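One letter stands for each residue in the lines below.
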Amino acid sequence: MIEILSCSEMAEADRRAPAEGVAGEMLMEAAGRAVAEAALARWPQARRVLVLAGPGNNGGDGYVAARRLAESGRTVAVAALAPVEALRGDAAVMAARWSGPTLPIGEAGPVDFDLVVDALFGAGLARPLAGVAAHAIGRAADSGLPVLAVDVPSGLNGDTGAAAGAVLPATLTVTFVRLKPGHLLYPGRALCGEVVLADIGMPGSVVAGVGARTFLNRPALWRTAFPEPNPQGHKYDRGHVLVWSGPEFATGAARLAALGAARGGAGAVTLAGPAAALRVHAAHVSAIMLRPAARPDDLHAILAGRRFAIAIVGPGAGDGVEAATDAALAGAAACVLDADVFTAFADRPNALRDRIAERPARPVVVTPHEGEFGRLFGQGGPAGSKLDRAREAARRLGATVVLKGPDTVVASPDGRAAIADNAPPWLATAGAGDTLAGFCAGLLAQGMPAFEAATAAVWLHGEAAREVGPGLIADDLPGALPAVLRRFQSTVAEGGDSQP
Ligand SMILES: NC(=O)C1=CN([C@@H]2O[C@H](COP(=O)(O)OP(=O)(O)OC[C@H]3O[C@@H](n4cnc5c(N)ncnc54)[C@H](OP(=O)(O)O)[C@@H]3O)[C@@H](O)[C@H]2O)[C@@H](O)CC1
Ligand SMILES: [K+]
């Protein structure tokens, strides 16, 4: 279940389902039943339920849920935004099957109820909520009652995770078939509360036919590309990562990247930089090699001497970052560009694009957080949701983009994208991004393709942070990776997945 479907892709699946023998009515019955079952499981004590029903199929699901809840002995009332006669298609059928009390929404407040089911708008939201609909969700929110949202909280855009106007925050959201981007991208993720994904009998072949290009970042997405250690392998079979280090008083970031690359599985890792900086590194690292490079241009010669080297440039790179980027893009087999690179190329994304385009077959992964993304692209940068922006940036740069945050998006220039949902809040700490750049380079060094390496690195990074728990500092992340990898490898060996 790793595809993520946009609202229009989900509608496309609905249109294709009847040809595979699954009528819309069947899907709606199953959806409404799943909502009722989730309500009963989560709030077994709730006796009186108010269902807010909208004018489309989201409302149709609400009428089914109302019927099912009434059948299970709950006292249910429907507060309808549209008169029953105005409903069309499956929603009209389901409204006709509902024989309990129905009031115009303006006349039904959430007084004397224990639970609100929000079936006003789902995937068909077309504009900000206004008038009686906005008033109704305001009253529901103010009531303090738990809210079960059908598909998505009303007012939330299922594609972007944003809301142009008022939204009814949910305690629990029951969605169907596949997740939508809005369940994962903030603020949507927080507005959904807990999310339950219900199987409503949509055939997998119908979903596959839609050809979704967005995925949940789980091992199932990249597991087959994950490097398997060769028992007869040599360390250089697992690649060599070269990290450019800036000046002596800013060595931490480059060192975290180097340690991340080593833990991420690179056969060998070298920190290259000014001698004064290397002396600082020498006081901290043992397994990492040190190579003097007085000036970033010296990287050309170092890279020329290696058949296969992955370069990391940006963490703690300092003033020479542009020259170091040039050398990396000219000579490395793959590059991870982070941090100071985005300052050096601020407002000049095309200059970076042109350099990347000089060797189009060579994988490049860029790993900005939102601030760095804004700095790089400046005015006229990619617009829209985080997913849209990452995709557009990948297309413009010709590089795999990791747009970091609590809902990190990885996008490939070929159009694929993945959203992560496993980063704990304590991962937002100084140096965590440098370690991520290292994990990614460590996987690239072992020959993993860029999109797979970047998505795997992001997932492993989140798991490593969970492994450490609250109180984490970035220094802990490389050391937490072996336990995560051990668990991951054992689930692969068992043919399973550590998460669905
Ligand atoms: N495969 C699945 O997942 C399945 C999904 N199913 C369910 O179908 C839902 C999608 O149904 P949907 O396409 O009918 O859209 P929905 O959200 O009900 O809204 C459309 C209506 O709202 C109106 N409208 C829009 N914005 C408005 C506003 N701001 N203010 C006022 N009105 C506004 C719009 O009117 P119009 O824009 O034309 O004026 C139209 O009448 C989906 O979320 C899920 O719950 C299941 O039943 C079966 C399987
Ligand atoms: K809803």
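Keep in mind that this is a model prediction, so the values were computed, not measured.

1. Some points on the overall build of the protein
And step 1. A count of helices and strands for the protein gives 20 helices and 18 strands.
And step 2. On C-alpha atoms alone, the protein measures out to a radius of gyration of 26 Å, which is about the 23 Å that the 2.2 N^0.38 rule sets for 500 residues.
And step 3. Counting over 500 residues, the protein shows a buried share of 54%.
And step 4. Counted over contacts in the protein with a minimum sequence separation of 6, partners at least 24 positions apart contribute 73%.

2. Digging into the UniProt feature "domain: YjeF N-terminal" (unreviewed entry) in the protein
And step 1. Here the UniProt-annotated "domain: YjeF N-terminal" (unreviewed entry) positions come out as residues 10–208.
And step 2. The distance separating the terminal C-alpha atoms of residues 10–208 is 11 Å; by composition the span is 38% helix and 17% strand.

3. Considering the pairing of strand β5 (residues 115–119)
And step 1. Counted residue by residue, β5 has five buried out of five residues, so it is predominantly covered.
And step 2. Side chains of β5 alternate between two faces, with Leu 115, Val 117 and Ala 119 and Val 116 and Asp 118 buried alike.
And step 3. By the bridge criterion, three bridges tie β5 to strand β6 (residues 147–150) in an arrangement that is parallel. Considered in β6, the bridge of Val 116 is made with Val 147.

4. As for the pairing of strand β10 (residues 240–244)
And step 1. Among the five residues of β10, five are classified as buried, and the element is accordingly described as predominantly covered.
And step 2. Burial of β10 is two-sided: the residues His 240, Leu 242 and Trp 244 facing one way and the residues Val 241 and Val 243 facing the other way are all buried.
And step 3. The β-α-β motif built from β10, the intervening helix α10 (residues 252–263) and the parallel element strand β11 (residues 268–273) has right-handed crossover chirality.

5. Let's talk about the domain arrangement of the protein
And step 1. Per the domain assignment, the segments of the protein are domain 1 (3–212) and domain 2 (219–493).
And step 2. Averaged C-alpha coordinates put domain 1 and domain 2 at centres separated by 41 Å.
And step 3. On the side of domain 2, eight residues touch domain 1, which itself brings 10 residues to the contact.
And step 4. Counted by class, the side of domain 1 that touches domain 2 contains six nonpolar, two polar and two charged residues.

Calculation notes
- Residues numbered from 1 in each chain as written.
- Chains lettered and ligands numbered in written order.
- Predicted model: local features only at pLDDT ≥ 70, side-chain atom pairs only at ≥ 80, totals over all residues.
- Helix = DSSP H or I, 4+ residues; strand = E, 2+ residues; numbered from the N terminus.
- Rg over C-alpha atoms; globule rule 2.2 N^0.38 Å.
- Buried ≥ 20, exposed ≤ 12 C-beta atoms within 10 Å, placed from the backbone.
- Contact = placed C-beta atoms within 7 Å.
- UniProt positions renumbered as here; feature names shortened; annotations may be inferred.
- Pairing = 2+ DSSP bridges.
- Right-handed = clockwise from strand over helix to strand, strands pointing away.
- Domains from an automatic or database assignment.
- Nonpolar A, V, L, I, M, F, W, Y, C, P; charged D, E, K, R; others polar.

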